[in-house]
Amino acid sequence: MSVKWTSRLWAGAGTALATLVSAVGVAAAAGHEMAQAHGDLSAIHGAATQSPDAFQIPAMVLAPLLIGVVLVPALGRLRRSLAYQVTVVVFVAYLAVALKALTTVLAHGTLHYKMAGWMPPVGIEWTLDALSAFVVLVLAVVAVMVAIYSGVAVRRQNPEREVPFFSMMVVMMLGLTGMVMTGDLFNLYVFFEVSSLSAYALMAVGDRKAPVSSFRYLLQGTIGASSYLMGVGYLYVLTGSLNMADVASLLPHLLGNPALTVALVLMVAGLGLKMALFPMHLWLPDAYTYASSTSTAIIAPVMTKVSAYVLIRMIYFVFDSNWVLSDLHLGFVVTWLAMAGVIWGSVMAIAQRDVKRMLAYSSIAQVGYIGVGIGTGNPWALVGAILHIMNHATMKSSLFMVTGIVEMQTGTRRLQNWNGLGRKMPWTFLAFTLAALAMVGVPPTNGFFSKWYLALGLAGAKQWVLLVLLVLSSLLTAGYFFRLLERIYARTGEDVGSGSARVGEAGDGGVREDGGANADGVKLAGASGSGIAGARDPGLALLLPPLLLGVGTLVLGLVNAWFVTEVIAKALPAALRIPGLGG
Amino acid sequence: MDALHTFHSTRPLWALLVSLLAIPLIVATGERHRNLRETWTILAAVAKTVLVWSMLPWVLQGRVPEISLWRITPSVELALRVDTLGLVFAIVASTLWLLTSLYSIGYVRGAGEHKQTRYFASFAMCLHATIGIAFAANLVTFLIFFEMLSIATYPLVIHKETPVALAAGRKYLSFVLPAGLMLLLAVVLTASIHPGGLDFQAGGFLSGDDASRVLLRWIFLFFILGVGVKAAIMPLQSWLPAAMAAPTPVSALLHAVAVVKAGVFGVLRVTGYVYGPHLLKDIGVWTALAWFAGVTLTVASLLALRQDNLKRRLAYSTVGHLSYIVLGAAILTPYGLIGSVLHLMFHATMKITLFFCAGAIYVRTHKEQISDMVGIGRQMPITMGAFAVGSLGLAGIPGINGFFSKWNLALGTAQGGQWIFLGLLVLSGVLNAAYFFPIVQQAFFRRNPEFSSYGEASMWMVVPLALTALMSLVLGLAPNLAAHAWDLARAVSAAVMGGAG
């Protein structure tokens, strides 16, 4: 049954994606030459400060991914291991261009790329400003890290699925990057679906329950996407344009129009669902838990964040944020829902016995922090929200990768069975500990500074209750992480009062097959069979990505002010610029 | 205040980092080469102590070394500045770390503790954080190191990994983590009402114009909740007796010196360098703080009387003595502040002596209950002699340094006309005598045939405890010797009270 399920999903998603991707690919390829011509033109006119090279960058960011979409399945068909290698190369190239993109944007300002040379508002425009370049860089870093990790992980957990797996991974990154860079509302929807469909496919790989939870995600995600699309429809009827900048310039004349309010609410609701904003988070826990650890490691840090990014784009850049947040009181709604999500997610995380599920609930809470920043709508709160997009991506991908490693090395994700693992897998758990401390918000990790700017924003907005809730909510996070750290470092294999913890010592088969080891009925794939007693650090390919990201939480915390002043301050909408920052 | 001359120097940074740099060496050396591993600890402690002391002449001349590293938030730099108060705390912490390191070696080997590498590494981390707290030039830097200290202490509290120790660890976290968040709240609110900068300034940098009095009072409350947990102000004290589950050197240095003193140091920073006496009088919160301290030092002494476990009795005694320091800061008089700073130094030498003694007794005899220590003075004369010096000092007997700091505290209460607090100080002195003297009395003047075979603990333990007792004695006779404690305390008091304008 489950096999059929999965393969149907694969087939369906594959067909849809192939069509979309080839369309985008052809368009981009055609656009390349036209754009070059256009770049020359603008140089002649002397209107643009950007060099022709800089002008190409939005297309160059997508180029490695577009090539990868074709190359990964093609070469993977020749030799299966090539799929992994090509994916890593593609993502490294993507990261290199993303870095170049960010430095260029910081030096020269916003880059516009008119796809296929069609001038907006008719043609599709890609925009790289500080905000989108920043988010693209975050995506690229996570992509490279998870891709390196996936080589061994996919081979061990989902053997013979490498080619479709890595293909989908590239397609998903393509979709997400498109969502971030596009300057067109409908084009955003297209990439939205590209990333979502590939994510559904990736999520369907994993435990026995994965296809079902992925299907639930598909149903709910489609509702979200449709809601967004309907909102775009309303906007199109009202303004006759789909270009974001164009729509933004037309909207001030329409502010009293009830149809505009409907459009906005539809879009916010749709995006809220995709970013798991409380109470629209119901798809998330199952989807993250049952998907394979690689799927979760790539999807969890970026998927909800990109939706949050789009929400920022809509509220602050397309609509008038003052009108949205204050006049319509949507700020109040979003902030309080997000805060409810922080508390609900954290409380549920405390109640979990499966580490991966705990992390899934914690994701709901962390996205809530971003929501609080978006809803509060003053400069510092928004800085906190944008910074947390990066910070949470580093922490969460590290944590999910470590969970995957433990699952592979010991065959268990049960909390009780993690006792004493810190001694056996010191490097793995160094990464985990750093990321966990960042989640709690211990200074000087990056999590602390997310909290700092959000709190500064709430204090500036005189939202005292929210401020106290925000600060105290870290206690809940501390509750579930320190409980785990205590097990990892200060307890030994036996757990008093838990019969199932002993199963680990029965050896390989007992853990993997015995349902008693997993009260949730989770079948864990890819356990290497050494069991808990013989657990040890994995090889470098598995270890290095989470460790680098774990250390990254510390480094990003120490240099956070650079990101804030040099990148995020420049990424703020004009109305919210902080005096003396970002120029 | 303007007479102070600040200048750029990397020495504070090295003093901060030297213990952090030792950690990878300690971990890499590990259990296989124990002597080499302990060499790293000792080297780091010696280097730290020398570096800190080398800044004393500068500070006495009114010169303030400082170093700004980089911006940690867009408006605040990660910066270190060695002002007088910071140096006082750093001298206490680094010097006693050196002695505690020697003592630790004797203790963990004598008691056969496990996971010694983690133990020494965490210890070095704690000292790194402590010096960071002492030298922090602004509230954000202070907050970062304050939180770092909270986390770094946790592995030491749960060191034994017994259910009791794990429960103590949870209790410890359930106090210090909320406290850290309260401090975060206070700092964020301060940053939002005073965007001009968060640098500590003698006499305070906040003024009544920054925000409404109500908001200023709330922020003060959050500050005190934040630092008050480590300072063990009642009702926030109950983690401290529980944390006695840690090995004794941890109790000695961290729960008598570094961690708890970081709390009272925080109180001094907040009252003297953030709010300042002027604003505190204006918004009228100082009386509340003084009353909490006054009640704590009385009740803690009463509770200490009831403890039969030696370390727990010492813990309650610590709770009481920390509130002496808080009280000195809260009553906002020049002598009160002098007494407060002196007691921050002097209580450390006395209390660490007592904990060292408790540890030596435990390693040698495995006895923790006071009622079991009858006649022990004959077998361990140096240890119990040192214990006698420490307890006499804490009770305020002239000739030992405790008298000197208490005398100034009493003068301070009299100066402010706070007769009730003077009464409480005297009462608490009597209670100190009541809970310490019986221990000494039964150790020396009652016989117990059971103890015929015990002798002193190893030299690693006896020498440090004798040294700290000697320090207490010498400082009692010549308070201004070596560390210039008296000069430093007066300088702090003059700067804070003078800066109030």
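As the structure is a computational prediction, the values presented were derived from the model and not from experiment.

A. Representation of the overall build of chain A within the structure. Broken down by element type, chain A carries 23 helices and two strands. The 583 residues of chain A split such that 64% are buried. At a minimum sequence separation of 6, the contacts of chain A that also span at least 24 residues come to 80%. Accessible area for chain A stands at about 19300 Å²; split by element, carbon and sulfur atoms hold 67% of it.

B. View of the nonpolar core. One finds Phe91, Phe432 and Trp452 of chain A together with Tyr275 of chain B to be the most contacted residues of the largest nonpolar core, which totals 406 residues. For this core, the leading source of residues is helix 10 (residues 248-283) of chain B, giving 21 residues. Counting the residues that make up this core, at least three belong to each of domain 1 (1-324) and domain 2 (329-583) of chain A. If near-sequence neighbours (up to four positions away) are discounted, Phe91 of chain A is found in contact with Leu65, Ala143, Val144, Ala147, Met169, Val170 and Met173 of chain A.

C. Up close: the pairing of strand 2 (residues 63-73) of chain B. Residues and elements named next belong to chain B. Direction of pairing for strand 1 (residues 5-8) relative to strand 2: parallel, over a ladder of four bridges. Its bridge partner lying in strand 2, His8 is registered against Glu66. Sheet topology places strand 2 next to strand 3 (residues 76-81); five bridges connect them, and they run antiparallel. From the neighbouring strand, Ser68 faces strand 3, where its bridge partner is Ala79. From the end of strand 2 to the start of strand 3, which pair antiparallel, there are two residues.

D. Inspection of the environment of Ser450 of chain A at higher detail. Residue and element names in this part refer to chain A. Position of Ser450 among the secondary structure elements: in helix 19 (residues 446-460). In this structure Ser450 comes out as buried when scored by relative accessible area, which is 1%. There is a polar contact of 2.9 Å between the side chain of Ser450 and the side chain of His388.

E. Molecular detail of the packing of aromatic side chains. Counted according to the given criterion, the structure contains 42 aromatic pairs over all chains. Pairing Tyr172 of chain B with Trp239 of chain B gives two aromatic rings, centres 5.6 Å apart and planes at 65°, and the pair type is edge-to-face. Placement of the pair is Tyr172 of chain B in helix 7 (residues 163-193) and Trp239 of chain B in helix 9 (residues 239-242), with a sequence separation of 67 residues. For Tyr172 of chain B, a relative accessible area of 0% translates into the label buried. Owing to a relative accessible area of 0%, Trp239 of chain B belongs among the buried residues under this scheme. Members of the aromatic cluster, connected to one another through ring pairs, are Tyr200, Tyr217, Trp283, Tyr288 and Phe400 of chain A. The cationic tip of Arg313 of chain A hangs over the ring face of Phe317 of chain A; the distance from NZ or CZ to the ring centre is 4.6 Å. Across the ring face of Phe146 of chain B, the terminal group of Lys230 of chain B is positioned such that the distance to the ring centre comes to 3.7 Å.

F. Spotlight on the pattern of salt bridges. Under the definition given, this model contains 17 salt bridges over all chains. Across the pair Arg357 of chain A and Asp286 of chain A runs a salt bridge, and its minimum N-O distance is 3.0 Å. Placement of the pair is Arg357 of chain A in helix 15 (residues 355-376) and Asp286 of chain A in helix 11 (residues 284-290), with a sequence separation of 71 residues. In this structure Arg357 of chain A comes out as buried when scored by relative accessible area, which is 15%. Overall, Asp286 of chain A belongs to the buried group, its relative accessible area being 16%. Taking the shortest distance from any N to any O, the salt bridge between Arg490 of chain B and Asp487 of chain B comes out at 3.5 Å. Here Asp487 of chain B and Arg490 of chain B lie together in helix 19 (residues 485-499), a separation of three residues that amounts to about one turn. When its relative accessible area of 42% is taken as the criterion, Arg490 of chain B is described as partly exposed. We classify Asp487 of chain B as partly exposed; its relative accessible area is 23%.

G. Inspection of the side chain of Lys311 of chain B at higher detail. Residues and elements named next belong to chain B. Checked against the element boundaries, Lys311 lands in helix 12 (residues 310-330). An unpaired buried charge is present at Lys311: no salt bridge exists, and Glu368, the closest side chain of opposite charge, is 6.0 Å distant. A polar contact is formed between the side chain of Lys311 and the backbone oxygen of Ala246, at a distance of 2.8 Å. Setting aside residues no more than four positions away along its own chain, Lys311 makes contact with Met244, Ala246, Pro247, Thr248, Ser251, Phe355 and Ala358.

H. Local environment of the interface of chain B and chain A. Contacts between chain B and chain A engage 32 residues on the former and 34 residues on the latter. Roughly 2700 Å² is buried in total at the junction of chain B and chain A, and carbon and sulfur atoms are behind 81% of that figure. A per-residue breakdown of the area chain B buries against chain A is headed by Pro74, Leu181 and Val188 of chain B, which together make up 20% of the total. Here chain B is connected to chain A by one salt bridge. Arg170 of chain B serves as the salt-bridge partner of Glu486 of chain A, at 2.9 Å between the closest nitrogen and oxygen. Every element with two or more residues in the side of chain B that touches chain A is listed here: strand 2, helix 6 (139-157) and helix 7 of chain B. Counting residues per element, the side of chain B that touches chain A draws most heavily on helix 7 of chain B, at 14 residues. Classifying every residue of the side of chain B that touches chain A by side-chain character gives 24 nonpolar, two polar and six charged.

I. Summary view of the environment of Gly266 of chain B. Residues and elements named next belong to chain B. By the secondary structure assignment, Gly266 is in helix 10. A residue is classified by how much of its surface remains accessible, and Gly266, at 0% relative accessible area, is buried. The spacing of Gly266 and Ile224 is 42 residues in sequence and 8.5 Å in space, taken between C-alpha atoms. Ignoring sequence-local partners within four residues, the contact set of Gly266 consists of Phe142 and Val227.

J. Focus on a nonpolar patch on the surface. Together, Met459, Val463, Leu467, Leu470, Leu473, Val474 and Leu481 of chain B give the surface a local cluster of nonpolar side chains, amounting to about 580 Å² of exposed area. Tracing the sequence through the fold places Leu467 of chain B in helix 18 (residues 459-477).

K. Broad picture of unusual backbone geometry. With an omega of 0°, the peptide bond between Phe278 of chain A and Pro279 of chain A qualifies as cis. Residue placement: Pro279 of chain A occurs in the loop between helix 10 (258-274) and helix 11. Residues Met234 of chain B and Pro235 of chain B are joined by a peptide bond in cis, for which omega reads 5°. Mapping Pro235 of chain B onto the fold places it in the loop between helix 8 (213-228) and helix 9. Its identity is not glycine, yet His329 of chain A carries a phi of approximately 60°, on the positive side. Considering the arrangement of structural elements, one finds His329 of chain A in the loop between helix 13 (321-327) and helix 14 (330-351). Positive phi, normally seen in glycine, also occurs at Ala232 of chain B, with a value near 55°. In this fold, Ala232 of chain B is placed in the loop between helix 8 and helix 9. For Ala232 of chain B, a relative accessible area of 0% corresponds to the buried category.

About the cut-offs
Residues numbered from 1 in each chain as written. Chains lettered and ligands numbered in written order. Predicted model: local features only at pLDDT ≥ 70, side-chain atom pairs only at ≥ 80, totals over all residues. Heavy atoms only, no water. Helix = DSSP H or I, 4+ residues; strand = E, 2+ residues; numbered from the N terminus. Buried < 20%, exposed > 50% of the residue type's maximum accessible area, 1.4 Å probe, protein only. Contact = heavy atoms within 4.5 Å. Areas by Shrake-Rupley, 256 points an atom, 1.4 Å probe, with all protein chains shown as cover. Core = buried A, V, L, I, M, F, W, Y, C linked by side-chain atoms within 4.5 Å. Domains from an automatic or database assignment. Pairing = 2+ DSSP bridges. Polar contact = N/O pair within 3.5 Å; in protein donor to acceptor, adjacent residues only side chain to side chain. Phe/Tyr/Trp six-rings, centres within 6.5 Å; stacked < 30°, edge-to-face > 60°. Lys NZ or Arg CZ within 6 Å of the ring centre and 35° of its normal. Salt bridge = Lys/Arg side-chain N within 4 Å of Asp/Glu carboxyl O. Lys, Arg positive; Asp, Glu negative; His and termini not counted. Buried area = accessible area lost by both parts, 1.4 Å probe. Nonpolar A, V, L, I, M, F, W, Y, C, P; charged D, E, K, R; others polar. Patch = residues over 30% accessible without salt bridge, like charges linked within 9 Å, V, L, I, M, F, W, Y side chains within 5 Å.

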